[in-house]
Structures are given as C-alpha cells and as structure tokens.
Amino acid sequence: GAGVSQSPSNKVTEKGKDVELRCDPISGHTALYWYRQSLGQGLEFLIYFQGNSAPDKSGLPSDRFSAERTGGSVSTLTIQRTQQEDSAVYLCASSDRGPNTEAFFGQGTRLTVV
Amino acid sequence: QKEVEQNSGPLSVPEGAIASLNCTYSDRGSQSFFWYRQYSGKSPELIMFIYSNGDKEDGRFTAQLNKASQYVSLLIRDSQPSDSATYLCAVPSSNDYKLSFGAGTTVTVRA
C-alpha cells in the first residue's frame, strides 16, 4: 500500500470489553511499532517487531495488552477487559531494516472506553 | 537515564524568530537521528534526518549533530505560525535499530 493503514479510525467500547486494533504496514517494511498517545502527552512505546526476531514487548503496560504480527506483515494489538485509562490514540509505524531508515506512521486509532 | 531527552517546553517564539530545539541521546553507537513534527490531532511526520557530524540545512530547517557530545539540535529559522507543533527527536538503537522518541517540545509561533 501507499502508506501505513490502521483500522478502525475510531473505536468506542464499553469498559470490560475486548478490542482489536489493526495495522497494515508499508509493503516490505520489516519493522513495526505500536505506540500509545494520551491527550496532550508524548508517544508511549508499546511493542516493536523486527523481522523474525522476538518482539520487544517491554512497553506493554499490563498483561491485558498483547500484539501479534502474522506473516511479517499485518499486526493486531489486542486489549482485553478494557479500562477507561486505556482511552488514547494508538499509533502504528513501520520502517525498513537498518539504522538509517525513517519510521512512517499510520493515522492512528482513537480508542474511547466508556 | 532516558534514551532520548529533549529540552522541556513549551517554547514560544515570535513570528520571524529562530526556534532552537535540543536533544541528547544515551546510545553512543547510534548512527542516525530524526526530527519529526506532530500537529495537534495528527500523526508524526519526518521533517529532517542527519547522519554526519555538522550541520544539515533544508529550507528553513537546520539540523546540527555532535556525536562526541551525543547532542542533536533543530533550528527553525524565520518561524511561521504554521510551524506551531510538537517536535520529536528520534534515535535508533545501535543493536536492534529500535527507534526511541523523546517526549517532544511544543513550539508556538506568535503572529
């Protein structure tokens, strides 16, 4: 695709429900990131996938959060038993391998837990 | 110590002035450095990258890199109201290229 695509753009869910957020990276990009950004705050790193290496999950805030990347392409971020504090914009980014490659961001998914 | 640190904001400058943004990083082996701009409600977008010590100019933007001091900066000359945004410094790690972002500096250009 032309850019990083995320779906849905907006998601409203009830507290306690599970949600899945999808990210379609730029074709051929081996690296994929998930970030969370609360209103007025900076980027909070969640998880990093790089090729076939084990993902860096060091940023996941709790065991309610998980992510997978199937076939080295599409990624899904799952939040179980959502809480109101999970409300934020979830951003996905992808990049090619190597130290000199920029990351391209998707438009984000705005999650609201009511 | 955070991997990437930026000077605290917000930074308010008058139109036409120079805005100076600073960033320090902890990984001495990092080779490339990126500046992203994020408008309110939008995703970050790359505006500058620099790999070599010294200055790199692109229009009204100048990136400066000093690897010995582990310091990178961004200058915005002739600041315009459209430059009002949050600027994020990003540095990939030397072992797995994972990008680390600073907290960002919010710039407001006063007309």
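Coordinates for the structure precede this section.
Residue and element names in this part refer to chain A. Counting across every chain of the model gives ten aromatic pairs over all chains. For the ring pair Y35 and F45, a centre distance of 6.2 Å and an interplane angle of 70 degrees mean the geometry is edge-to-face. Placement of Y35 in strand β4 (residues 31-37) and of F45 in strand β5 (residues 44-50) is noted, with a sequence separation of ten residues between them. What makes F45 buried here is its relative accessible area of 17%.

With that settled, the discussion passes to unusual backbone geometry. Backbone geometry follows two general trends: most residues other than glycine have a negative phi, and most peptide bonds adopt the trans configuration. Residue and element names in this part refer to chain A. S7 connects to P8 through a cis peptide bond whose omega is -10 degrees. Its place among the elements puts P8 in the loop between β1 (5-7) and β2 (10-13). Here R81, not a glycine, exhibits a phi torsion of approximately 45 degrees, which is positive. Here R81 is to be found in the loop between β7 (75-79) and β8 (88-95).

All names here are of chain B. Tracing the backbone through its elements, the reader meets S79 in the loop between β8 (71-76) and β9 (85-92). Of the residues examined, S79 reaches a relative accessible area of 1% and is grouped as buried. Beyond its immediate stretch of four places on either side in the chain, S79 contacts V13, P14, E15, G16, A17, I18, A19, R60 and V109.

On to the interface of chain B and chain A. Each partner contributes residues to the interface: chain B has 17 residues there, and chain A has 22 residues. Summing both partners gives a buried area of about 1600 Å² for chain B against chain A, and 56% of it is carried by carbon and sulfur. Put simply, chain B and chain A have one salt bridge between them. Linking chain B with chain A are nine residue pairs in polar contact (both at pLDDT 80 or more). For the side of chain B that touches chain A, the secondary-structure elements that each account for two or more residues are β4 (33-38), β9 and β10 (99-101) of chain B. Sort the elements by how many residues they give to the side of chain B that touches chain A and β4 of chain B lands first, with three residues. Of the residues assigned to the side of chain B that touches chain A, the class counts are eleven nonpolar, four polar and two charged.

As a further point, take the state of the cysteines. All names here are of chain A. Tallied over the entire structure, the rule returns two disulfides over all chains. Disulfide pairing is shown between C23 and C92; the S-S distance is 1.8 Å. An S-S torsion of about -65 degrees defines the bridge between C23 and C92 as left-handed. Placement of C23 in strand β3 (residues 19-24) and of C92 in strand β8 is noted, with a sequence separation of 69 residues between them. The exposure class of C92 is buried, given its relative accessible area of 0%.

A few words now on the environment of V12 of chain A. Residue and element names in this part refer to chain A. Within the fold, V12 resides in strand β2. In this structure the C-alpha to C-alpha distance between V12 and S38, which are 26 residues apart in sequence, comes to 15 Å. Look past the residues within four positions of V12 in its chain and what remains in contact with it is T112 and V114.

Moving on, we come to the nonpolar core. The nonpolar side chains of a soluble globular protein tend to be buried, and buried together. Counting residues in hydrophobic clusters, the biggest one holds 23 residues, and the most contacted among them are W35, V72, L74 and Y87 of chain B. If you list the elements that add at least two residues to this core, you get β3 (19-25), β4, β5 (45-50), β7 (61-66), β8, β9 and β11 (105-110) of chain B.

Cut-offs used in this document
Residues numbered from 1 in each chain as written. Chains lettered and ligands numbered in written order. Predicted model: local features only at pLDDT ≥ 70, side-chain atom pairs only at ≥ 80, totals over all residues. Heavy atoms only, no water. Phe/Tyr/Trp six-rings, centres within 6.5 Å; stacked < 30°, edge-to-face > 60°. Helix = DSSP H or I, 4+ residues; strand = E, 2+ residues; numbered from the N terminus. Buried < 20%, exposed > 50% of the residue type's maximum accessible area, 1.4 Å probe, protein only. Contact = heavy atoms within 4.5 Å. Buried area = accessible area lost by both parts, 1.4 Å probe. Salt bridge = Lys/Arg side-chain N within 4 Å of Asp/Glu carboxyl O. Polar contact = N/O pair within 3.5 Å; in protein donor to acceptor, adjacent residues only side chain to side chain. Nonpolar A, V, L, I, M, F, W, Y, C, P; charged D, E, K, R; others polar. Disulfide = S-S within 2.5 Å. Core = buried A, V, L, I, M, F, W, Y, C linked by side-chain atoms within 4.5 Å.

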